[in-house]
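Remarks on the overall topology
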Amino acid sequence: MEGGEQKEHTGDVEGHQRIQPGAVAQPEQKALADEMKKTSEQMKKTSGAMKQKSDEMKADARIYTCPMHPQVQSDKPGKCPICGMTLVKKKEGQ
């Protein structure tokens, strides 16, 4: 480039290939999207299983209470710690 000659600048550097913006990111984005989809599917399965287990537990849930001391509640039969009466099943809606 002597004598006032100017070489046209194309943006290319000799010995280097031009990489398109996003060309490197495409495989990474696809892998990330696939991983997110897989995680989402696993979460849906887990959520469904948890809901089913919760529903089963609700169906089996029983509350026992003292007829004289309704503040005493237990998830299994037994005796009231205040008066010693046998705990009875709490009726639905109480």
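My aim in this report is to walk through the structure given alongside it, one point at a time.

Comments concerning the pattern of salt bridges
Scanning the model with the defined rule gives one salt bridge in all. We note a salt bridge from Asp34 to Lys30, for which the minimum N-O separation is 3.4 Å. A residue pair is termed a helical-turn pair when its members lie 3 or 4 positions apart in one helix, as Asp34 and Lys30 do in helix α1 (residues 25-60) at four residues.

Let's talk about the sheet that holds strand β2 (residues 73-74)
Spatially, three strands are ordered β2-β1-β3 in an open sheet, and the strand pairing comes out antiparallel. Either end of the sheet is taken by a strand with one partner, and the two such strands are β2 and β3 (88-89). Bridge count for strand β1 (residues 64-65) against β2 is two bridges, and the pairing is antiparallel. Bridge pairing in β2 links Thr65 to Gln73.

Some words on the nonpolar core
Ranked by size, the top nonpolar core spans five residues in total: Tyr64, Cys66, Val72, Cys80 and Leu87. Here Val72 is in contact with Tyr64, Thr65, Cys66, Cys80, Pro81, Ile82 and Leu87, once residues within four sequence places are set aside.

Thresholds applied
- Residues numbered from 1 in each chain as written.
- Predicted model: local features only at pLDDT ≥ 70, side-chain atom pairs only at ≥ 80, totals over all residues.
- Heavy atoms only, no water.
- Salt bridge = Lys/Arg side-chain N within 4 Å of Asp/Glu carboxyl O.
- Helix = DSSP H or I, 4+ residues; strand = E, 2+ residues; numbered from the N terminus.
- Pairing = 2+ DSSP bridges.
- Core = buried A, V, L, I, M, F, W, Y, C linked by side-chain atoms within 4.5 Å.
- Buried < 20%, exposed > 50% of the residue type's maximum accessible area, 1.4 Å probe, protein only.
- Contact = heavy atoms within 4.5 Å.

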